[in-house]
Structure formats: structure tokens, C-alpha cells
Amino acid sequence: MSNTKLVLVYKGFERFWHWTQAFLIIFLAVTGFEIHSSFSLFGFETAVNLHNKAAWALIILIIFAIFWHITSGEWKQYLPTTKNLKAQIEFYLTGIFRNTPHPTKKTVLSKLNPLQRLVYLGLKILVIPVMVMSGLAYMFYRYPQAGIIKSANMEDLEVIAIIHTFGAFVLVAFVIVHLYLITTGHTITSNLNAMITGWEELEEDENEPSVNDEPVFVTEPKI
Ligand code: HEM
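S.K.: So what exactly am I meant to see when it comes to the coordination of the iron atom of the ligand here?
M.R.: Distances from the iron atom of the ligand to its protein donors, His-51 (NE2) and His-164 (NE2), fall within 2.0 to 2.1 Å. Note that the iron atom of the ligand binds six donor atoms; their angles at the metal cover 86 to 179 degrees, and the shape is octahedral. Linking His-51 in helix H2 (residues 44-72) with His-164 in helix H6 (residues 157-181), this pair joins segments that are 113 residues apart in sequence. The same class applies to His-51 as to His-164, namely buried.

What follows is the structure, encoded as C-alpha cells:
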């Protein structure tokens, strides 16, 4: 037997961080690809200025987000697991088109499925740090105010530009896949609604243990 219950899945700061980060990454992609000469929108100089301002905003946001993840304990949500990883991939590749049930159950303590855990962790510890570091290297190598990087003997801007542009493609690909995947919740808008309001109807089923790592219900031991 399974009931649903309305629960607060995403807290206030988490939603603010998510949407601000989404806006900044899309804005950095637009201004960045204009700098890359992919198209013309703001004009090169304005695009560089806006890209730099948004980059600093993102760095400040990241600092607050790191603090929040540590103090709230929410960093644990991103601990990777291979349990049900294959089932989750199979679900997205085939199961979803045959209306099979989601292989993992979303709970407040374990709100990310194994694939999300892996991908988001990769963004947090690899892609975003690489973008910030290559972006800062780009900034301080290119602009006259700093000789720091030059003195570190990083003469070739091209390597940095290639790394930064490659990372930008990875992030754009992520955003596209992410936009599709947010429509694959219990209803087409349930994931989106949850990230806007914080609240989501989650399954409550005491007979079925959680397939994610954390327990869904904490019960008193029977003595
Ligand atoms: C805090 C993070 C970031 C910093 C500090 C940063 C900084 C920079 C700087 C200084 C430039 C060179 C501007 C110029 O030529 O004068 C640049 C270029 C660029 N940025 Fe960023 N950026 C950051 C994040 C991002 C993100 C998240 C994206 C995309 C999603 C992105 C995409 C690009 C692209 C495509 C270019 C053009 C690269 C080229 O053609 O060589 N940047 N960035």
C-alpha cells in the first residue's frame, strides 16, 4: 500500500542557490560564446564586461553554497553510490518509454537518484572548479592588472582558452539534458514545481524499503 505526503524537499536557500546558479550559468554561456565569436548580441566589449561581472557573482554564490552545504549537512546528498546506478540508467534509456516505475525512491534524506548524485558531484568537484580556475587564469593573464599568472610562467593563453571553452560545452550539454530530465518526475511538472515551491508529494510506503542509501522511515527497534 502506498500513500503520498506533501514534504519540504528543497529549502529556501537551496532554491535561491539553484535558480541563481542556473541563471548565471546560462548568462555566462551566452556572453562567453559571444566572446568566442559564435554570435553577436551585446557587442564584444559589453559581453566581456557582463561575463566578468556574472563570473564574480557566481564565485560569491559558490562560496555561500559551500558554506550552506557544510553547515546543513546537505553535502551528504551527493555521496556517490553505484547501488541502482545501472537500473537508473536503464530507466532513462528504455523503462521510461514503457511506463515502468522509477527504480529509486525520492525521500528528504535521499532526494537525488544515483545518477544525479554522480553527475552533480562531478559538476561540483570537477567542472565548476575547472571553469572558475581557468576563468580566473584567463582574467588575470589577459588583463593588465595582474602579472601573477605570467610570473607563474603560464605563457600560453590558448591552453586555458581551450579548457574553458570545453568546460562551457560540457555545461551547455548538461543544461540541455537537465531540462529534459526535469520533465521525467511523477508528473511532467512535479520536479519543476518542487524546485520553485520547495514542496513535493512523495511516496510514503512502509512496506517497501528505500532503494536509495538512506532509510525512508526511522522506526523504533522492537525489543
Ligand atoms: C567564475 C567563473 C568564470 C570566470 C572567472 C570566467 C572568466 C572568463 C574570462 C576572463 C574570459 C575571457 C574574456 C576575454 O576574452 O576578455 C572568458 C571567456 C569565456 N567564458 Fe568564461 N568565466 C567563468 C565561467 C564561465 C561559464 C560558467 C561559462 C559557460 C557556461 C563560460 C564560458 C566562456 C566562453 C565560451 C568563453 C570564450 C572562450 C574563448 O573563446 O576563448 N565561462 N571567461
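S.K.: Help me understand H6 in this model?
M.R.: Since there are 3.6 residues in each turn of an α-helix, residues three or four apart along the chain are aligned in direction. Taking 1.5 Å per residue as the helical rise, H6 with its 25 residues ought to reach 36 Å, and the 36 Å between its terminal C-alpha atoms agrees with that figure. Regarding H6, the residues found buried are Leu-157, Ile-160, Ala-161, His-164, Thr-165, Gly-167, Ala-168 and Leu-171.

S.K.: Would you mind showing me how to read the pattern of salt bridges here?
M.R.: Pairing is possible between side chains of opposite charge, provided their charged atoms come close. Taken as a whole and judged by the stated rule, the model has five salt bridges. Glu-90 serves as the salt-bridge partner of Lys-86, at 3.5 Å between the closest nitrogen and oxygen. With Lys-86 and Glu-90 both in helix H3 (residues 85-93) and four residues apart, the pair spans about one turn of that helix. Relative accessible area serves as the criterion here: at 61%, Lys-86 is assigned to the exposed category. A relative accessible area of 42% places Glu-90 in the partly exposed class. Through salt bridges with shared partners, a single network forms among Lys-11, Glu-14, Glu-74 and Lys-111.

S.K.: Even after reading the chapter, I still don't get the packing of helix H1 (residues 12-35) against helix H7 (residues 190-197), so can you show me in this structure?
M.R.: How two helices sit against one another is set out by the angle between their axes and by the gap between those axes. Running from N to C, H1 and H7 point in directions that differ by 115 degrees, and their axes come no closer than 8 Å. The angle between H1 and H7 places the two elements in the roughly perpendicular class. Residues Arg-15, His-18 and Trp-19 of H1 form the contact with H7, whose participating residues are Leu-192, Ala-194, Met-195, Ile-196 and Thr-197. Here the residues of the contact of H1 with H7 are counted per class, giving five nonpolar, two polar and one charged.

Parameters and conventions
- Residues numbered from 1 in each chain as written.
- Predicted model: local features only at pLDDT ≥ 70, side-chain atom pairs only at ≥ 80, totals over all residues.
- Heavy atoms only, no water.
- Donors = N, O, S within 2.8 Å, 3.2 Å for Na, K, Ca; no water.
- Tetrahedral: all angles 85-135°; square planar, octahedral: opposite > 155°, others 65-115°.
- Helix = DSSP H or I, 4+ residues; strand = E, 2+ residues; numbered from the N terminus.
- Buried < 20%, exposed > 50% of the residue type's maximum accessible area, 1.4 Å probe, protein only.
- Expected span 1.5 Å × (residues − 1).
- Salt bridge = Lys/Arg side-chain N within 4 Å of Asp/Glu carboxyl O.
- Axes fitted to C-alpha atoms, helices over the stretch in contact; angles between N-to-C directions.
- Parallel < 35°, antiparallel > 145°, perpendicular 65-115°, else oblique.
- Contact = heavy atoms within 4.5 Å.
- Nonpolar A, V, L, I, M, F, W, Y, C, P; charged D, E, K, R; others polar.

Purely spatial values, then, with no claim about function.
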